[in-house]
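Read off the chains here:
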Amino acid sequence: MNGIGIGFIILLALGDILLVAVIAYFVSRLMAERYRQMQQSQAENILQNSREKAQKIELEAKDNALKILREAENEIARRRTELSREEDRLQKRRAELDFRVERLEQREQALNKRQSALDKRANEVEKLAAQRIEELQRVGQMTLEEARNELLAMTEKEARNDMARIIRQIEAEARAEGEKRAREIIADAIQRVASDHVAEVCSSVVTLPNEEMKGRIVGRNGRNIRAFEQAAGVDVIVDDTPESVTISCFDPVRREIARRALERLILDGRIHPAHIEKVLADEQREVERALIEAGDEAAFDAGVVGLHPEVIKMLGRLKYRTSYGQNQLAHAVEVAKLASIIASELGADAEIARAGALLHDLGKAMDHNTEGTHAAIGAEFAARHGVHPKVVNIIASHHHEVEQESVEAVIVEAADAISGARPGARREDLEQYIKRLRALEEVANSHKGVQQSYAIQAGREVRIIVKPEEIDDLAASRLARDIAKKIEETMQYPGQIKVTVIRETRATEYAK
């Protein structure tokens, strides 16, 4: 009984399990069917959306294509209209050109007819002229070429004589009137300025109290003199000259600083490298102050105001600069006074003339360490510091390196020549003097037709004797100008040089 009950229970359990399995099977199939239906519905929705989007994109593409097609048709219509207009314009232009070509052809035919008539008349005129020339040659017993040459020779001779006579007459009148007026103005200017006739020389010799001081200056193994030369930028020459040493340097301001410092060291007695540098620095400041004071004083003496401080300082450097022994700062002030007087007499701008004359040699204060001529250097420096353009031109043109743009520039050039050429203003050593005289004679002898030349009046005049058979009166005047121009271009000299060409004709016969 128990075995039957247990078996029945087992069968019931197996039936329950089977029932659960069948129910689970049908439930899973139902769920799978529903999932499949849901996936199919989603796929159909996606497919429907894609179709709608494709239709929408297709409609937009058709709209764009229609729009582009309409724009293209409009552009084609516009181009066709423009082409039609251009064709009409070209047609009109072609008709105008045809009309002009027709008119030109008619005019060409008329010109050809006229040219034929002119050629015919020209032939007749040539025949008549040839007949006249033959008749003239028969009467005058001279060919046309011979008559032409004789007429040209006579005309040239008369023209040369008239030209030489007129040139000499004009030059004589201008020279007489100009010299009279210039003599009056220059004499008045020189009398009113009244400068000393003494050439100043910058000395670089320092006097010593005794010979022992030379040893202290040199120092042990030359220590002191080497330190002094390196710090000051100069050469100290200790030679056999009793109780003196010489300071040598191309820069006059640096030489002046070294001279003052050495004199102060000698008085102080403490000569060693550390003290040398201190004294040199102190003296450099003192000299810079002295330069500014000298520039201010020169500007005040010359009556020039409103200059830039750097220009004043650079002007003061001319106090230690000389040219042929003439102090350049004193020379600048003297030229300024002379130019002011001459400008006042001639009715020019005296203020511009004073400023240009005072600064005309400004470049000499820096030409020892700057490349270029002193006129160009000074003009560039002045222009950089706000100097008046007329004054800048005066500085640049006072040696004719550039064109003179005002009468004040000519006045300053004349005043510069007066100041440098007056007696006692400048000096020159014998060797340079002899070289200058020889160079003058060589320049004169280098020209064709010169027989002899002589430099006279200390090189202020050169007289040239020419061959009369090669140089006529007109050529003599031209030769004088050529030689003067070549002297200006090739030589350096103070003042001015007079060129005199002498032509003499002698006729000699013997009575037998």
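Refer to the structure printed above.
Just so it is clear, the structure is predicted and the values come from calculations on it, not from any experiment.

Draft legend 1. The arrangement of the overall build of the protein chain in detail. The secondary structure content of the protein chain amounts to 14 helices and eight strands. Residue burial in the protein chain is summarised as follows: out of 512 residues, 30% are buried. Counting only contacts in the protein chain whose residues sit at least 6 apart along the sequence, the fraction spanning at least 24 positions is 62%.

Draft legend 2. Quick look at the side chain of lysine 364. One can find lysine 364 in the loop between helix H9 (350-359) and helix H10 (374-384). Since its relative accessible area comes to 11%, lysine 364 is described here as buried. Apart from residues lying up to four places away in sequence, lysine 364 is in contact with Leu318, Arg321, Ser323, Gln328 and His374.

Draft legend 3. Here's a closer look at the sheet that holds strand E8 (residues 498-502). Across the sheet, which stays open at both edges, the three strands sit in the order E6-E7-E8 with mixed pairing between neighbours. The sheet is open, and its two edges are formed by strand E6 (450-456) and E8, each paired on a single side. For this sheet, the mean inter-axis angle between neighbouring strands, taken without regard to orientation, is 15°. When strand E7 (residues 461-466) meets E8, the two strands line up parallel, connected through five bridges. What sits directly across from glutamate 461, in E8, is lysine 498.

Draft legend 4. Geometry of H10. When we look at burial in H10, the residues that qualify are His374, Ala375, Ile377, Gly378, Ala379, Phe381 and Ala382. Looking at the buried residues of H10, the elements they touch are helix H7 (309-316) and helix H11 (389-397). Looking at the residues trailing H10, positive phi occurs at glycine 386, about 75°.

Draft legend 5. Spotlight on the environment of leucine 346. Among the secondary structure elements, leucine 346 is positioned in helix H8 (residues 328-346). When its relative accessible area of 46% is taken as the criterion, leucine 346 is described as partly exposed. In sequence terms leucine 346 and isoleucine 411 are 65 residues apart; their C-alpha atoms lie 9.3 Å from each other.

Draft legend 6. Representation of a negative patch on the surface. Side chains of Asp98, Glu102, Glu105 and Glu108 sit close together on the surface and give a patch of like negative charge. Note on placement: glutamate 102 falls in helix H1 (residues 2-140). Given a relative accessible area of 43%, glutamate 102 falls into the partly exposed group.

Draft legend 7. Structural view of the pattern of salt bridges. A full pass over the atoms with the stated rule returns 19 salt bridges. Across the salt bridge formed by glutamate 33 and arginine 36, the nearest N and O atoms sit 2.2 Å from each other. Taken together, the residues span about one helical turn, with glutamate 33 and arginine 36 both in helix H1 at a distance of three residues. Glutamate 33 sits in the partly exposed class, given a relative accessible area of 31%. The network of salt bridges with common partners includes Arg264, Lys278, Asp282, Glu283 and Arg285.

Draft legend 8. Structural context of the packing of aromatic side chains. Tallied over the entire structure, the rule returns one aromatic pair. Each ring, one from tyrosine 25 and one from phenylalanine 26, has its centre 5.6 Å from the other, and the planes form 70°; the classification is edge-to-face. Using a relative accessible area of 45% as the deciding quantity, one classes tyrosine 25 as partly exposed. The exposed category is assigned to phenylalanine 26, whose relative accessible area is 51%.

Draft legend 9. Highlighting the packing of H9 against H11. Where H9 meets H11, the closest approach of the two axes is 9 Å, and the angle between their N-to-C directions is 40°. Our classification of the angle between H9 and H11 gives oblique. Handedness of the crossing formed by H9 with H11: right-handed. Residue-level contacts link Ile352, Ala355, Gly356 and Leu359 of H9 to Lys390, Val391, Ile394 and Ile395 of H11.

Each value, and the rule that gives it
- Residues numbered from 1 in each chain as written.
- Predicted model: local features only at pLDDT ≥ 70, side-chain atom pairs only at ≥ 80, totals over all residues.
- Heavy atoms only, no water.
- Helix = DSSP H or I, 4+ residues; strand = E, 2+ residues; numbered from the N terminus.
- Buried < 20%, exposed > 50% of the residue type's maximum accessible area, 1.4 Å probe, protein only.
- Contact = heavy atoms within 4.5 Å.
- Pairing = 2+ DSSP bridges.
- Axes fitted to C-alpha atoms, helices over the stretch in contact; angles between N-to-C directions.
- Patch = residues over 30% accessible without salt bridge, like charges linked within 9 Å, V, L, I, M, F, W, Y side chains within 5 Å.
- Areas by Shrake-Rupley, 256 points an atom, 1.4 Å probe, with all protein chains shown as cover.
- Salt bridge = Lys/Arg side-chain N within 4 Å of Asp/Glu carboxyl O.
- Lys, Arg positive; Asp, Glu negative; His and termini not counted.
- Charge placed at Lys NZ, Arg CZ, Asp CG, Glu CD.
- Phe/Tyr/Trp six-rings, centres within 6.5 Å; stacked < 30°, edge-to-face > 60°.
- Parallel < 35°, antiparallel > 145°, perpendicular 65-115°, else oblique.
- Left-handed = near helix turned anticlockwise from the far one by under 90°.

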